[in-house]
Amino acid sequence: MSTDRFAQSAALLERADKVVPGGIHGHQTPAMLVRGEQPYFYERADGCRIWDVDGNEYIDFMCSYGPIVLGHHHAAVDEAALAQWRKGDCFNGPSRLWVELAERLVAITPFADWAAFAKNGSDVCTWAVRVAREHTGRGKVLMAKGAYHGAHAWCTPSSAGVTPEDRSTVLTFPYNDGAALEAMVGEHGDALAAIIVTPFRHDAFHDQEMPVPGFLETIRRLCTERGIVFILDDVRAGFRLHLGGSGKHFGVRPDLACYAKALANGYPLAACVGAEPFREAARQVYFTGSYFTAAVPMAAALACLDELETSGAIDHMREMGQLFRDGLEDQARSHGLAVTSTGPPALPFMTFRDDRKFARSKAFAAACARHGVFLAPYHNWFLSAAHREDDIRQALDATDLAFAEVRRKSVELFDRT
Ligand code: PMP
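Worth saying up front: this structure is predicted, and the values here are computed from it rather than measured. Along each chain, numbering runs from 1 in the same order as the chain's sequence is written. Totals for whole chains, interfaces and linings use all residues, but because this is a predicted model, local features are given only for residues with pLDDT of at least 70 and pairs of side-chain atoms are given and counted only at 80 or more. Heavy atoms throughout the structure, all of them, feed into the side-chain values; hydrogens and water do not.

1. Topic: the side chain of Thr399
Okay, step 1: Here Thr399 lies in helix α13 (residues 389–412).
Okay, step 2: Only protein chains enter the accessibility calculation, which uses a 1.4 Å probe. A residue is then buried if its area is under 20% of the maximum for its type, exposed if over 50%, and partly exposed in between. What makes Thr399 buried here is its relative accessible area of 0%.
Okay, step 3: Looking at Thr399, its side chain comes within polar contact range of the side chain of Gln331, at 2.7 Å.
Okay, step 4: Should any heavy atoms of two residues lie within 4.5 Å, those residues are counted as being in contact. When neighbours within four sequence positions are excluded, Thr399 is seen to be in contact with Phe324, Leu328, Gln331, Phe364 and Cys368. Only DSSP runs of H or I covering at least 4 residues are called helices, and only runs of E covering at least 2 are called strands; the numbering of each starts at the N terminus. Think of a polar contact as two N or O atoms within 3.5 Å of one another; within protein, one of them needs to be a possible hydrogen donor and the other a possible acceptor, and neighboring residues in sequence only count if both atoms come from side chains.

See below:
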């Protein structure tokens, strides 16, 4: 235990546990980290660096689990947000940015004719399913087993507080299994409103899987043949692979696509974009929230999209992610450790082979934290445009030490049994 190093984090968690059920919710819970070996609370952030409440500095490979695509505190985004903030944020209705941002999303997304806004990925995924139901007059939804589409009752990974009725419209199939998909659609096609998938498999606790050739195309074909709505959940990967969305990156046209995280570089905003045939259903399905029209996140989103488009950020993230991945693989080899690298370079992940209960992954993430690199043991990582080559090289100096620790621990602990 690095008790002193994380004393403030530990003390805050103890206080939080008394007044917030569970202390810290959801994917940012300490249970998704290495308890006692990684920070829980943060003081500040800048570029690709974060500082925890104990004053420890890290090169950040989680990017707030996705939202930070240009880097923390990005000047152009913050300036745009601040300029809007001076004029006001939360009005009786939207600002002109509501229209401008919808126009922008329609312009950059090949299949989209309209956009709708919300605050979270869960909001837009659930709403997209309802739009599909309204459009088709059918009730069921087919999703990949283990995929994450949000915290709402139909799709939350936890069974707590969920009734069988909440799940009764949801069917599952294994991601990338075209035959199983065909069979499910064969059997349930007439009852299916939607097939919802992520552009590649990025479930926590799992190696990532890119879509096998033909998988996304099979979804497209089956949806077209059977009148089912194809929803691409691009909440996690959106704008890290292509400005036109991950559908554009993988060469497939969904009917609806959901965005959140990277859309506004950390300001709270989500969007669902859709094709013309779904406009009427989208008009009908009630959708609102106290903050859905807030102007500041929309100013941030417009600046973020401008920056993504003009700065080469997406290519840069891919290159930096590849540099990091290649470096990690070389180091693992030189330490005699077998690892598996998966996912696109801008959202990389690495696991250790034959790593029961993620013991090596945990040791690695803990050692990385000790040496100034923050990454999660069970969840894919994220690059941002603020990661420069020097940062990657500095991170690799830390990971080399981390691999050495895993190697030592492997001999002492894991390989004994
Ligand atoms: N879909 C995917 C693929 C996600 O990664 C997430 C968030 N991790 C969500 C939906 C839900 O988004 P939010 O947490 O903003 O509600």
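2. Let's talk about the sheet that holds strand β2 (residues 49–52)
Okay, step 1: If DSSP finds at least two bridges between two strands, the strands pair. Strand order in the open sheet made by the 4 strands is β1-β2-β3-β13, with mixed pairing throughout. Single-partner strands in this sheet number two, and they are β1 (42–46) and β13 (373–374).
Okay, step 2: As judged from the 4 bridges shared by β1 and β2, these two strands associate in the antiparallel manner. Looking across to β2, one finds that Ala45 is bridged to Ile50.
Okay, step 3: The sheet strands contacting α13 are β2, β3 (57–60) and β13, and the helix crosses β3 at an angle near 115°. In this analysis an axis means a line fitted to C-alpha atoms, helices contributing only their contacting stretch, and an angle means the value between N-to-C directions, from 0 to 180 degrees.

3. Side note on the pattern of salt bridges
Okay, step 1: Salt bridge, as used here, is a side-chain nitrogen of Lys or Arg placed within 4 Å of a carboxyl oxygen of Asp or Glu. The final tally for this structure, using the stated rule, is 18 salt bridges.
Okay, step 2: Between Asp306 and Arg104 there is a salt bridge, with the nearest N and O atoms lying 3.1 Å from each other. One end of the pair, Asp306, is in helix α10 (residues 295–310); the other, Arg104, is in helix α3 (residues 96–108), with 202 residues separating them in the sequence.
Okay, step 3: The residue Arg220 makes a salt bridge to Asp255 at a minimum N-O spacing of 3.0 Å. In this pair, Arg220 is assigned in helix α7 (residues 215–226) and Asp255 in the loop between α8 (246–250) and β9 (256–259), connecting sequence segments 35 residues apart.

4. Things to note about helix α1 (residues 7–19)
Okay, step 1: The span you would expect from a helix comes to 1.5 Å times its residue count less one. A rise of 1.5 Å per residue sets the reference length of α1, with its 13 residues, at 18 Å; its end C-alpha atoms lie 19 Å apart and thus fit the reference within 8%.
Okay, step 2: Listed as buried for α1 are Ser9, Leu13 and Ala16. Axial view of α1: buried residues confined to an arc of 65°, hence all on one face. Opposite the packed face of α1, turned more than 90 degrees from it, sit the exposed residues Glu14, Arg15, Lys18 and Val19. Picture the helix axis, draw a direction to every C-beta atom, and the arc is the one those directions span.

5. Notes on the packing of aromatic side chains
Okay, step 1: Each aromatic pair joins two rings of Phe, Tyr and Trp (for Trp, the six-membered one) with centres within 6.5 Å, and gets the label stacked for planes under 30 degrees apart, edge-to-face for over 60, and tilted for any other angle. As enumerated under the stated definition, the model contains 18 aromatic pairs in all.
Okay, step 2: Between the aromatic rings of Tyr58 and Phe374, the centroid separation amounts to 6.1 Å while the plane-to-plane angle is 70°, which identifies the pairing as edge-to-face. Highlighted residues: Tyr58 in strand β3 and Phe374 in strand β13, separated in sequence by 316 residues.
Okay, step 3: Using a relative accessible area of 0% as the deciding quantity, one classes Tyr58 as buried.
Okay, step 4: Of the residues examined, Phe374 reaches a relative accessible area of 4% and is grouped as buried.
Okay, step 5: Aromatic side chains Phe205 and Tyr378 sit 4.7 Å apart centroid to centroid with 25° between the ring planes, which places their arrangement in the stacked category.

6. Focus on the pairing of strand β10 (residues 270–274)
Okay, step 1: Most of β10 sits out of view: 5 of its 5 residues are buried.
Okay, step 2: Of the two faces of β10, both are covered, the one formed by Ala270, Cys272 and Gly274 as well as the one formed by Ala271 and Val273.
Okay, step 3: Pairing geometry for strand β4 (residues 114–118) and β10, over 5 bridges, is antiparallel. When the bridges of β10 are listed, Ala118 appears paired with Ala270.

7. A closer look at the environment of Val373
Okay, step 1: Structurally, Val373 is set in strand β13.
Okay, step 2: Here Val373 falls in the buried class, since its relative accessible area comes to 0%.
Okay, step 3: Between the C-alpha atoms of Val373 and Ile195, which are 178 residues apart in sequence, the distance is 38 Å.
Okay, step 4: Filtering out sequence-adjacent residues up to four positions away, Val373 remains in contact with Tyr58, Ile59, Phe61, Cys368, Ala395 and Ala398.

8. Considering the packing of helix α12 (residues 359–370) against α13
Okay, step 1: Orientation of α12 relative to α13, taken along the N-to-C sense of each, is 140°, at an axis distance of 8 Å. The pairing of α12 with α13 is recorded here as oblique in orientation. The two elements α12 and α13 meet at a crossing, and its hand is right-handed. Touching Arg360, Ala363, Phe364, Ala367, Cys368 and Arg370 of α12 are Thr399, Ala402, Phe403, Glu405, Val406, Lys409 and Ser410, all from α13.
Okay, step 2: Side-chain classes are defined by residue name, with Ala, Val, Leu, Ile, Met, Phe, Trp, Tyr, Cys and Pro counting as nonpolar, Asp, Glu, Lys and Arg as charged, and the others, Gly among them, as polar. The class makeup of the residues in the contact of α12 with α13 is 7 nonpolar, 2 polar and 4 charged. Between 65 and 115 degrees an angle is taken as roughly perpendicular, under 35 as roughly parallel, over 145 as roughly antiparallel, and anywhere else as oblique. Handedness of a helix crossing follows the sense of rotation of the near helix relative to the far helix, less than a right angle counterclockwise being left-handed and clockwise being right-handed.

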